[in-house]
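Coordinate inspection notes
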Amino acid sequence: MSIDPVILLQRERGMSLTAKRGDRFFGLCFPGPYSLGIASLGIHAVLETVYRLPRWRPERFFLDTGDVSLESRSSLRFFNVAGFSLAFERDIFGMIQMCSRAGIPLYSTQRTSTHPLVVVGGAFATLNPEVAASFADLMIIGEAESVIPSLLRKLEDYPDEVHNRSEVLERVAGLPSVLVPALTRPVYKGAELAGFTHSDSRTSIKVKRAVSDLTGSPTSSLFVTPESHFGATALCELNRGCSHQCRFCAASIVYRPLRHRRTHLVKEKVTMLSELSSQMGFVGSDILSHPQFGDILEHARKENMSVTCSSLSSRSLWEKPEMVGLLADAGVKTATLAPESGSFSSRRVLGKNLTNREWIELLDFILNKKQMKVKLYFMLGKPWNGPEDDLSFLATIAGVARETGKISVSYSFFVPKPQTPFEEIATLSFSAWKKERMVFEKGMQRIGIEYSGESPRLAWIELILARGDRLLGEKLSGLCNHQGIFRQASWRSLLEDIGRDWEEWPRRPWKGMIRPWDVVESGVDAEYLRKERENADRAIPAPRCPGQGCIACGVCKT
């Protein structure tokens, strides 16, 4: 059901995109609901980047706001560029639906000069661009802010009425961090990926991931609205990357290396945002590692803003317990932490290094001495331990809380992501996942802790997409033609059509040397990933990322 765009615009406070004039039009498409899209700082970053370009006017499209833009009520079909941000695997279905509704041919090979160029970016596109490749004319690999200006300026050279689409694609192919799927094609032997062919001899098959310079003004909310997933909270990014290199975490690859925003610029942004909201949300994979985080919290308090935070590093809280008090004083009521496992040895494999004793002491301090609530993330389907260890650990934690209702748990499933040390690991079976969920939920009911969790079927589909390829991606539009997008029977049939099995293929699909994401140069050395996989097998603690200047993983060598 569509939401009235007029009402949404009336409730927004902040920048007005309708004030921008330009003769080129960029449709920024979020393949999900407005409430989530407006809460994504990545969307705000792209909007601001396009807005600053003199000839370009950005307008917004969301999955639940109808077939026209919020700003001018124009169809996406008539824009110069349709830009899609795919943060997660299942976002690709929202993209397919939005293109279909706008009358844009789904496959790039079917489009002509009368259609917008479909540009795809986001974390999923960076980790494994091949699944969405058939639907994209161009793909941005890495952080889009540093790529969009040069790309859009290049596109300004081609008037809509006369440009040749294939010529445009060939001209932009040499731009840094831009992948042109039509020029880099996979080669198959049966259903097995055998390699890639590249029709442009001037450029490499591999596209290097873009890393943005964060020395300028911090990325923050351009507008605030009560319709956001976080309510009328203004958001500001403190850093990108993470000092704690958890081996399962794709974000530690996509946003590597660790980079901090300048403190005085963050404070200036907080002061500006205080005019839009009384609530401040600090965003980052590792906000506690910011060297002046305490000063920033105090500044927010002086601006009479209550603070919320994204997930916190338990290791950082253990090492800097004074932060718990600062967070509580700033208005943070719930600490969101991620043990992932109740087994210390399993946590060491994953890259998390707090012992059970340290966890208990930390949680006792947060729950009882600082009177905060705690939300804990756990991961099921781990090859290293079952839910029994998790439940035993949670039963102990439940005893630590002196008041009921102060702990909640959210669980997901272990989905190995491309470009991480676990990219080739074999998962447990789908049947094992379902059994683990049943055991875990029954145990949680006995313990009496409030919980929520992920469907194993949807997580299995995420696994298929995370490790998928172009052959798989080309079949996805068929799922959107009926009501079977997430039906198990539909996915079984899809995989069978390309010679793959629902139960076995997703567990470890690529047994050879070639993988779909080999077209991406993340900057992380293959040797580093291999050693980290071996260290995981030995339960050796994961290294830390000290930020720019280190050469251990390879990202900062150049």
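Computed from a prediction, not measured in an experiment: that's the story for all the values here.

Okay, unusual backbone geometry next. Geometrically, the link from Arg-256 to Pro-257 is a cis peptide bond, its omega value of 5 degrees lying close to zero. In this model, Arg-73 sits at a positive phi of 60 degrees, which is unusual for a non-glycine residue. A relative accessible area of 44% places Arg-73 in the partly exposed class. For Ala-539, which is not glycine, the phi torsion reads 55 degrees and is therefore positive. Within the secondary structure, Ala-539 is located in the segment after helix H21 (526-537).

Time to look at the sheet that holds strand S3 (residues 56-62). The sheet built from six strands is open, its strands ordered S3-S2-S4-S5-S6-S7 with mixed pairing. A single partner strand is all that each edge strand has here, and the edge strands are S3 and strand S7 (178-179). Across two bridges, the pairing between strand S6 (residues 138-140) and S7 is antiparallel. What sits directly across from Met-139, in S7, is Leu-179. Helix-sheet contacts for helix H3 (residues 41-51) involve strand S2 (24-30), S3 and strand S4 (81-85), and the interaxial angle to S2 is about 180 degrees. Against the sheet, helix H6 (residues 148-155) contacts S2, S3, S4, strand S5 (117-121) and S6, and its axis sits at roughly 155 degrees relative to S6.

A few words now on helix H9 (residues 263-273). Where H9 is concerned, the buried positions are Thr-263, Leu-265, Val-266, Lys-269, Val-270 and Leu-273. Along the axis of H9, the buried residues cluster in a sector spanning 160 degrees; they form a single face. Where H9 is buried, its residues meet strand S12 (234-237), strand S15 (279-283) and helix H10 (293-302).

A sheet is described by the order of its strands in space; here three strands give the open sequence S12-S15-S16, paired in parallel fashion. Strands at the two margins of the open sheet, each flanked by one partner only, are S12 and strand S16 (306-309). Each strand axis lies, on average, 30 degrees off the axis of its neighbour in the sheet, ignoring direction. Across four bridges, S15 lies against S16 in parallel orientation. Bridged to Gly-281 within S16 is Thr-308. Sitting on the sheet, H9 is in contact with S12 and S15, with an inclination near 170 degrees to S12.

Considering all chains together, one arrives at 36 salt bridges under this definition. The residue Glu-48 makes a salt bridge to Arg-52 at a minimum N-O spacing of 3.0 Å. The exposed category is assigned to Arg-52, whose relative accessible area is 60%. Linked by salt bridges that have partners in common, Glu-143, Glu-145, Glu-237, Arg-240, Arg-259 and Arg-261 make up one network.

Conventions adopted
Residues numbered from 1 in each chain as written. Predicted model: local features only at pLDDT ≥ 70, side-chain atom pairs only at ≥ 80, totals over all residues. Heavy atoms only, no water. Buried < 20%, exposed > 50% of the residue type's maximum accessible area, 1.4 Å probe, protein only. Helix = DSSP H or I, 4+ residues; strand = E, 2+ residues; numbered from the N terminus. Pairing = 2+ DSSP bridges. Contact = heavy atoms within 4.5 Å. Axes fitted to C-alpha atoms, helices over the stretch in contact; angles between N-to-C directions. Arc of directions from axis to C-beta. Salt bridge = Lys/Arg side-chain N within 4 Å of Asp/Glu carboxyl O.

Everything listed here is a matter of geometry and, on its own, says nothing about what the molecule does.
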